[in-house]
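# Observations on the model geometry
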Amino acid sequence: MTIIKQAADSNFVHLGMRQIFLPALILILSFCSAQKQDSIMLSKIFAEEMLRGESYRNLESLCKNVGHRLSGSPSAQKAVDWGFHLMKSYGFDTVYLQECLVPHWVRGKKEVCEIYSKTLKAPMPLNCLALGGSVGTGEKGISAEVVEIKSWDELEFLGVKGLKGKIAFFNRPFDNALAKTFEAYGHCVDQRWAGASRASKYGAIGVLVRSMTNAIDNYPHTGSMGYNDSFPKIPAVAISTEAAEYLSKKLKQDPKLQVSLHTWCQTLPDEKSYNVIGEIWGSEKKNEFILVGGHLDSWDVGQGAHDDGAGVVQSIEVLRLFKAMGIKPKRTLRCVLYMNEENGTRGAQKYNEEVLRKKEKHIAAMESDRGGFTARGFSFDTLDARFNQIKQWAPLFHPYLMERMESGFSGVDVRHLKDYGAFTMGYYPDPQRYFDFHHTERDTFEHVHKRELEMGAACMAMMVWLISEYGI
């Protein structure tokens with residue numbers, strides 16, 4: 001009886017194990033099969049872009065036929081027309097314009113900044129660019145002693161006594177010990193944005209700001225700045241890092257040296273402009289949107305190639321790849337070319353208003369606005385369960401060296417879609433060279449590498465396909 005019972009118990013155990021094991025095995029095999037099929041599809045998308053992609057050709061067209069395109073300018077309108085007709089030519093299911101009012105700031109004549117010192121035989125020019133949104137000096141210009149400032153604490157210590165009637169020189173450099181260059185940028189850009197108002201509070205009459213870059217070169221970097229209406233608006237310019245180093249050295253030799261500054265910028269009334277939007281409708285869930293986008297505007301120097309022509313053409317390319325390959329997405333893909341990211345985000349504000357008004361359901365929103373460099377992966381503006389789900393796809397990107405999947409910033413234009421339920425993310429290319437070109441005359445088509453740009457477009461399309469198939 002004992003032997004019989006043991007045999008019976010053994011059979012029961014084996015039967016129970018089979019009942020548990022077989023479904024688990026089937027599930028694992030099914031998962032592996034799905035992973036294999038996904039891998040095959042991603043390889044097809046990658047090959048299509050690398051062999052027959054059109055993002056590089058489109059970037060050349062945008063940079064050479066349109067050029068830089070500051071919001072409110074005739075060239076910005078030319079860029080709107082360019083984007084609209086390009087997406088129409090690809091036969092997307094819908095292409096339309098979304099009207100918005102944008103700021104219209106103009107630089108005017110070339111800025112002039114010069115040092116006058118007893119240590120110099122003649123005035124020494126400093127290479128500079130007015131910051132976007134700055135007031136001009138007028139024809140007479142301004143001339144005053146300069147005070148170097150490396151921290152907000154120094155500014156507060158100087159106060160009215162140290163700054164009244166003088167020009168503030170903000171000279172806080174990037175921390176090059178940081179591997180993440182955008183982190184270094186984040187630690188410094190506050191002096192560009194707020195320097196003028198904070199110095200004006202203590203009586204300064206103008207501001208010089210060290211350019212936002214890791215490099216030591218003679219290219220000034222423009223960018224947006226803002227005023228606090230409680231204080232007088234004073235002119236603000238960025239000077240190149242070489243100029244900043246030189247001025248700092250000269251101030252040690254002659255603390256009483258003076259700088260003269262002439263700028264002719266001004267802000268005109270708002271202008272009508274547009275976001276450009278293209279769609280491929282979903283085959284199963286048409287009312288669920290996956291947004292991919294970049295910003296169409298750029299600063300008025302260079303050609304806006306990396307910032308953000310690259311993101312614009314990559315976003316268009318995502319939809320073009322689906323169309324060219326005959327892939328029918330389960331959810332609606334929407335490409336948005338935002339207007340006015342650089343100095344106001346009016347395009348993003350308008351888009352979000354329309355999302356709220358129409359009660360649209362965005363399941364994901366991806367922005368490309370970090371240049372056209374080598375693809376590394378994505379950063380996700382969330383730590384919820386969706387982030388854990390999407391990290392499981394990282395091995396699928398491993399063969400393409402794009403497996404970076406981490407929490408981080410998504411993008412200026414898409415970030416607030418998180419408030420409406422979207423899973424927001426940023427395409428993440430290698431960041432080491434971005435600030436060599438950012439907001440400078442060097443940001444031209446010739447500084448974008450064809451293969452790097454195309455790998456980015458493929459990487460974005462691969463992620464969009466996965467989200468379209470499985471949701472998030």
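The next point concerns the side chain of E49. Topologically, E49 is positioned in helix α1 (residues 2-52). Those residues in contact with E49 that sit more than four places away from it in its chain are E54, S55, E317, R320, L321, E454, A457 and A458.

Before going further, it helps to examine the nonpolar core. Membership of the largest hydrophobic core comes to 71 residues, with the highest contact counts inside it found for I316, F378, F397, M425 and M463. In terms of residue count, the dominant contributor to this core is helix α12 (residues 450-470) (12 residues). For F397, the contacting residues outside a window of four places in its chain are F378, M402, E403, M405, C459, M462, M463 and L466. Ranked by size, the runner-up nonpolar core spans 30 residues in total, among them W152, A194, Y202 and M212.

The next thing to look at is the sheet that holds strand β2 (residues 112-116). Pairing between the strands of a sheet comes from backbone hydrogen bonds, and it takes one of two forms, parallel or antiparallel. The strand order across the open sheet built from eight strands is β3-β2-β9-β5-β6-β7-β8-β4, with neighbouring strands paired in mixed fashion. Unpaired on one side and paired on the other, β3 (124-125) and β4 (128-130) mark the two borders of the sheet. Taken strand by strand, helix α4 (residues 152-163) contacts β5 (142-149) and β6 (167-170), and its axis lies near 145° from that of β5. Set on the sheet, helix α5 (residues 181-200) makes contact with β6, β7 (206-210) and β8 (236-239); between it and β7 the angle comes to about 155°.

Attention now moves to α5. The terminal C-alpha atoms of α5 lie 30 Å apart, and with 20 residues this matches the ideal 28 Å at 1.5 Å per residue to within 8%. Of all the bends in α5, the greatest measures close to 65° and is centred on A194.

Quick look at unusual backbone geometry now. Following D307, the chain continues to D308 via a peptide bond in cis, the omega torsion being 0°. With respect to the helices, strands and loops of the structure, D308 is situated in helix α7 (residues 305-325). Of note, N340 is a non-glycine position whose phi angle comes to about 75°, a positive value. Structurally, N340 can be placed in the loop between β12 (331-338) and α8 (346-358).

On to the packing of helix α2 (residues 55-66) against α12. The geometry of a pair of packed helices is captured by two quantities: the angle between their axes and the separation between those axes. Axis separation between α2 and α12 bottoms out at 9 Å; the angle between their running directions is 110°. Judged on the interaxial angle alone, α12 and α2 are roughly perpendicular. Of the residues in α12, those touching α2 at S55, Y56 and L59 are K450, L453, E454 and A457. Here the contact of α2 with α12 is built from residues that sort into four nonpolar, one polar and two charged.

Moving on, we get to helix α3 (residues 74-89). Residues spaced three or four apart along an α-helix point in a common direction, a consequence of the helix completing one turn every 3.6 residues. With 16 residues, α3 should cover 22 Å at 1.5 Å per step; its first-to-last C-alpha distance of 23 Å lies within 8% of that length. Of the surrounding elements, those touching the buried residues of α3 are α2, β1 (94-106), β10 (266-280), α7 and β12. With its phi angle positive at about 75°, G91 sits one or two positions after the end of α3.

What counts and how
- Starting from 1, residues in each chain are numbered consecutively following that chain's sequence as written.
- Residues qualify for local features only when their pLDDT is at least 70, as the model is predicted, and side-chain atom pairs are given and counted only at 80 or more; totals for whole chains, interfaces and linings, by contrast, use all residues.
- The side-chain figures draw on all heavy atoms in the structure; neither hydrogens nor water molecules are used.
- Numbering of helices and strands runs from the N terminus, with a helix taken as a DSSP run of H or I at least four residues long and a strand as a DSSP run of E at least two residues long.
- Contacts between residues were defined by any pair of non-hydrogen atoms, one from each residue, lying within 4.5 Å.
- Among the buried residues, those of types Ala, Val, Leu, Ile, Met, Phe, Trp, Tyr and Cys that are joined through side-chain atoms within 4.5 Å form a nonpolar core.
- We call a residue buried when its accessible area falls under 20% of the maximum for its residue type, exposed when it is over 50%, and partly exposed in between, using a 1.4 Å probe and counting protein chains only.
- When DSSP finds at least two bridges between two strands, those strands are taken to pair.
- Note on definitions: angles span 0 to 180 degrees between N-to-C directions of axes, and those axes are lines fitted to C-alpha atoms, for helices only across the stretch in contact.
- For a helix, the expected span equals 1.5 Å multiplied by the number of residues minus one.
- The term bend refers to the angle at a residue between two fitted axes, each drawn through seven residues, those ending there and those starting there.
- What sets the label is the angle itself: under 35 degrees gives roughly parallel, over 145 gives roughly antiparallel, 65 to 115 gives roughly perpendicular, and the rest give oblique.
- As a working rule, the residues Ala, Val, Leu, Ile, Met, Phe, Trp, Tyr, Cys and Pro are called nonpolar, Asp, Glu, Lys and Arg charged, and the rest polar, with Gly in that last group.

The values reported here are purely geometric and, on their own, carry no functional implication.
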